Amino acid sequence: MNAPCAAAPRRLVAAGLGLLLVAATACSASSDAGSDSGSSSSSDSLELTVLAASSLTEAFGELAKTYQSDHSDVQVELTFNSSSTLAEQVVAGAPADVLATADEATMQGVVDEGLTAAAPEVFARNRLTLVTPADNPADVASIDDIERGDVTYAVCVPDAPCGAASRTLLDLVGVRAEPVTEEDNVRDVLTKVTTGEVDAGLVYASDAQAAGSDVTVIDVPESDQALNADVIAALTDAAEPDAAASWLELVLSKEGQQVLGSYGFLPAG
Amino acid sequence: MARPDGSTRTSATGALPWQLLLPSLAALALLLLPVVGLLVRAPWSTLPQRLGDPAVFEALRLSLLTASAATGCCLLLGTPLAWLLARTDIPGRKALRALVLVPLVLPPVVGGVALLTAFGRRGVAGRWLDEAFGLSLPFTTVGVVVAQTFVALPFLVLAVEGALRSADPRYDDVAATFGASRWQTFVRVTLPLAMPGVASGAVLAWARALGEFGATITFAGSYPGTTRTMPLAVYTALNSDFDAAILLSLVLLVVSVGVLALLRERWTPGVSA
């Protein structure tokens, strides 16, 4: 009875010390890595950090490949999340070179903090569409059907760009049925649809295209009146301002616009 | 040696060893500085009108309701399971015990995905629930309780199992020789003896359920009044209104610390000792 009780604390201490050691080595390893990339970035390859709305995942992924084939010395690091989350992170001091948001209002918060190097530019527009799981279990034929009592649907939270546009669209169409969930970004809405947990969801046309055969797309003509503008800006605190400028150039170029168009985005103009 | 009176050693004298003091202070700084940060950054000037926002009350009400319901579920399901693990010799007991602890190490988001594959509309059990009874757990308050129970259950099972193991099983034997059935022995002898463990397990489970985020948002979604508990409200607010997020965090902090302090004094002196 007595022996195991006495041994237990000793074992705990050993485990604790082990953890400390792991933590210590992990800390030194990461600081080494930090100084390494800091010293070598100017000669070997530099890192361009691009924060982008989650709806841009595929399009920017392809643009990054194009960019890197032209700039072999640059490593493009893409981070996708809700525009408002990314904007909040930039304001909080997250190190990044470029920010692309899914609407102008979200970008404005970053502009107001004086964190954009130049005025943001519209590089694409995105249009909402209704998607259902591939087999369309609730037989949704038009957006009016989500008013039916047995149809569940998901949207973005009203504070996210896709949520704001969805609110506008639902008001335009005159749908008053409440969604069963408000997701924090548009890709989470898409996931709820592709996993079949909801009967329908409002996402961008580009997301619907990215989901391919996992969803059935139902066009909503009124969404032409609820377009969101995707805007991009280089950031004041960019570590790689030149690379940031050439990324913007690519996105706004004819080639960039073609790539965006192929992923379901509408042209900026 | 055993110290039945529960007194602590007082024989050691002299200066506090720095080897223990420094890490302790670092630990305290790590634990307390974030709270200080919340207090410093809190929107004190607009606090009264922000607290009056019905959304705050709604999320808090939902959080307290679901966390308490989840704790109830943990007690009802977890106490018998802990007994099974501690006091019986069923085959595969050790493997079972390890499996019960899986939610402890699983990232909660993964837990949410796992719950979807089990109880989602197209999940292994969820499909059947939907077809047979028209029951669907995702996007419902019951779904939130299920997610919270999933993550909190191991805490209760561990605490109760530990209490059952340290309680002397000979009391059970004595009850049996007096003719008590196994069920009677459990209710009248085993459970009362394990009560401190049950109580501290319940407190731990409640705290874990109250803070639950990942499994809830993945499995139950996020909608005001039905599934958006305080942690989800904090996350959503972070995307739009940092001050609101801090305020919600503070409210959650004050309420949870308050409830835990109250519980410790009234019900579980064993936990605070």
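Residues numbered from 1 in each chain as written. Chains lettered and ligands numbered in written order. Predicted model: local features only at pLDDT ≥ 70, side-chain atom pairs only at ≥ 80, totals over all residues.

A.B. asks: Please set out the overall build of chain B residue by residue, giving values where relevant.
C.D. replies: When helices and strands are counted, chain B shows 14 helices and zero strands. When the elements of chain B are put in sequence order from the N terminus, they spell out α-α-α-α-α-α-α-α-α-α-α-α-α-α. The buried share of chain B, reckoned over its 273 residues, is 36%. (Helix = DSSP H or I, 4+ residues; strand = E, 2+ residues; numbered from the N terminus. Buried ≥ 20, exposed ≤ 12 C-beta atoms within 10 Å, placed from the backbone.)

A.B. asks: With reference to specific residues and values, describe the overall build of chain A.
C.D. replies: A tally of regular secondary structure across chain A gives nine helices and ten strands. Expressed as a percentage of the 269 residues in chain A, the buried residues total 43%. Of the contacts formed within chain A by residues at least 6 apart in sequence, a portion of 77% connects residues at least 24 apart. (Contact = placed C-beta atoms within 7 Å.)

A.B. asks: How would you summarise the sheet that holds strand β7 (residues 181-183) of chain A if you had to cite specific residues and measurements?
C.D. replies: All names here are of chain A. Pairing is mixed in the open sheet, where five strands are placed in the order β7-β6-β8-β5-β9. With partners counted over all chains shown, the strands left at the sheet margins are β7 and β9 (215-218), one partner each. Averaged over all neighbouring strand pairs, the angle between strand axes comes to 35°, with direction disregarded. Note that strand β5 (residues 128-133) and β9 share four bridges and pair antiparallel. Residue pairing across strands places Pro-133 opposite Val-215, the latter belonging to β9. Strand contacts of helix α6 (residues 186-194): β5, β6 (153-156), β7, β8 (200-204) and β9, with the helix running at about 145° to β8, the strand carrying the most contacts. (Pairing = 2+ DSSP bridges. Axes fitted to C-alpha atoms, helices over the stretch in contact; angles between N-to-C directions.)

A.B. asks: Give a detailed account of the confidence of the model for chain B, specifying residues and quantitative values.
C.D. replies: When the pLDDT values of chain B are averaged, the result is 89; 93% of them are 70 or greater. When mean pLDDT is compared element by element in chain B, helix α8 (residues 141-166) of chain B scores highest at 96, while helix α14 (residues 269-272) of chain B scores lowest at 48. (pLDDT = per-residue confidence, 0-100.)

A.B. asks: Outline the nonpolar core, supporting the account with residue identities and numerical values.
C.D. replies: Among the nonpolar cores identified, the biggest contains 115 residues, and Val-98 and Leu-99 of chain A together with Leu-156 of chain B are the most heavily contacted of them. Sorting elements by how many residues they give to this core places α8 of chain B first, with 16 residues. Each of domain 1 (45-125 + 229-262) and domain 2 (128-226) of chain A gives at least three residues to this core. Residue contacts for Leu-156 of chain B: discarding those within four places in its chain leaves Cys-74, Leu-75, Gly-78, Gly-201, Ala-202 and Ala-205 of chain B. By size, the runner-up hydrophobic cluster in this structure holds 15 residues, among which are Ile-217, Met-230, Ala-237 and Leu-248 of chain B. (Core = buried A, V, L, I, M, F, W, Y, C linked by C-beta atoms within 7 Å. Domains from an automatic or database assignment.)

A.B. asks: Tell me what's going on with the packing of helix α2 (residues 57-70) of chain A against helix α8 (residues 241-252) of chain A, and back it up with residues and numbers.
C.D. replies: Residues and elements named next belong to chain A. Contact pair α2 / α8: the axes reach a minimum separation of 11 Å and the direction vectors enclose 120°. By the angle class used here, α2 and α8 are oblique. As α2 packs across α8, the resulting crossing turns out to be right-handed. Contact with α2, carried on its side by Leu-63, Thr-66 and Tyr-67, involves Trp-247, Leu-250 and Val-251 of α8 and no other residues of that element. Grouping the constituent residues of the contact of α2 with α8 by class yields five nonpolar, one polar and no charged. (Parallel < 35°, antiparallel > 145°, perpendicular 65-115°, else oblique. Left-handed = near helix turned anticlockwise from the far one by under 90°. Nonpolar A, V, L, I, M, F, W, Y, C, P; charged D, E, K, R; others polar.)

A.B. asks: Report on the sheet that holds strand β4 (residues 121-126) of chain A, specifying residues and quantitative values.
C.D. replies: All names here are of chain A. The strand order across the open sheet built from five strands is β2-β1-β3-β10-β4, with neighbouring strands paired in mixed fashion. Sheet topology places β2 (74-81) and β4 at the edges, where each strand pairs with a single neighbour. With strand direction ignored, the average angle separating the axes of adjacent strands in the sheet is 20°. Where β4 meets strand β10 (residues 228-234), five bridges bridge the pair, whose relative direction is antiparallel. The residue of β10 that forms the bridge with Ala-124 is Asp-230. Packing of helix α4 (residues 104-112) onto the sheet brings it into contact with β3 (98-101) and β10, and relative to β10 it is tilted by some 25°.

A.B. asks: Let's hear about the confidence of the model for chain A: which residues, and what values?
C.D. replies: Low-confidence regions, as indicated by low pLDDT, have predicted coordinates that should not be scrutinised in detail. Of the residues in chain A, 84% have a pLDDT of 70 or more, and the chain-wide mean is 84. Ignoring residues within four places in sequence, the model shows residues 1-43 of chain A, a span with pLDDT below 50, making three contacts including any to other chains.

A.B. asks: Could you give me a rundown of the domain arrangement of chain A, with the residues and numbers involved?
C.D. replies: All names here are of chain A. The assigned domain composition of chain A is domain 1 (45-125 + 229-262) and domain 2 (128-226). With centres defined by C-alpha atoms, the gap from domain 1 to domain 2 works out at 26 Å. With twelve residues of domain 1 at the contact, the number on the domain 2 side is 13 residues. Every element with two or more residues in the side of domain 1 that touches domain 2 is listed here: α2 and α3 (83-91).

A.B. asks: Before we move on, could you go through helix α10 (residues 182-210) of chain B and cite the residues and values that matter?
C.D. replies: Look at α10 of chain B: only 35 Å from first C-alpha to last across 29 residues, short of the 42 Å you get at 1.5 Å a residue. Of all the bends found along α10 of chain B, the most pronounced is centred on Met-195 of chain B and spans about 60°, while Pro-196 of chain B, a proline, follows it within four residues. (Expected span 1.5 Å × (residues − 1). Bend = angle between axes of the 7 residues up to and from the residue.)

A.B. asks: An account of the interface of chain A and chain B is requested, with residue identities and associated values reported.
C.D. replies: Interface size, as often reported, equals the accessible area lost upon joining of the parts. Taken together, the contact between chain A and chain B spans 19 residues of the former and 17 residues of the latter. Only α3 and β7 of chain A provide two or more residues apiece to the side of chain A that touches chain B. Residue composition of the side of chain A that touches chain B, by class: four nonpolar, eight polar and seven charged.

A.B. asks: Outline the pairing of β3 of chain A, supporting the account with residue identities and numerical values.
C.D. replies: Residues and elements named next belong to chain A. Burial of the side chains of β3 extends over both faces: Val-98 and Ala-100 are buried on one face and Leu-99 and Thr-101 on the other. In this sheet, β3 lies alongside strand β1 (residues 46-53) in parallel orientation, the contact comprising three bridges. Residue pairing across strands places Ala-52 opposite Ala-100, the latter belonging to β3. The pairing of β3 with β10 spans four bridges and is antiparallel. In the sheet register, Val-98 faces β10, and the bridge partner there is Ala-234.

A.B. asks: Any chance you could break down the environment of Val-110 of chain A for me, citing the residues and the numbers?
C.D. replies: All names here are of chain A. Of note, Val-110 is situated in helix α4. C-alpha separation for the pair Val-110 and Val-91, spaced 19 residues apart in sequence, amounts to 6.4 Å. Excluding anything up to four places from it in sequence, Val-110 contacts Ala-87, Val-90, Val-91, Leu-99, Leu-115 and Thr-116.

A.B. asks: Can you break down unusual backbone geometry residue by residue, with the values?
C.D. replies: Even without being a glycine, Asp-139 of chain A presents a positive backbone phi close to 50°. Within the secondary structure, Asp-139 of chain A is located in the loop between β5 and β6. When the 12 C-beta atoms within 10 Å are taken as the criterion, Asp-139 of chain A is described as exposed. Notably, Phe-139 of chain B is not glycine yet its phi reads approximately 70°, a positive angle. In this structure, Phe-139 of chain B sits in the loop between α7 (126-133) and α8. In this structure Phe-139 of chain B comes out as buried when scored by C-beta crowding, with 24 C-beta atoms within 10 Å.

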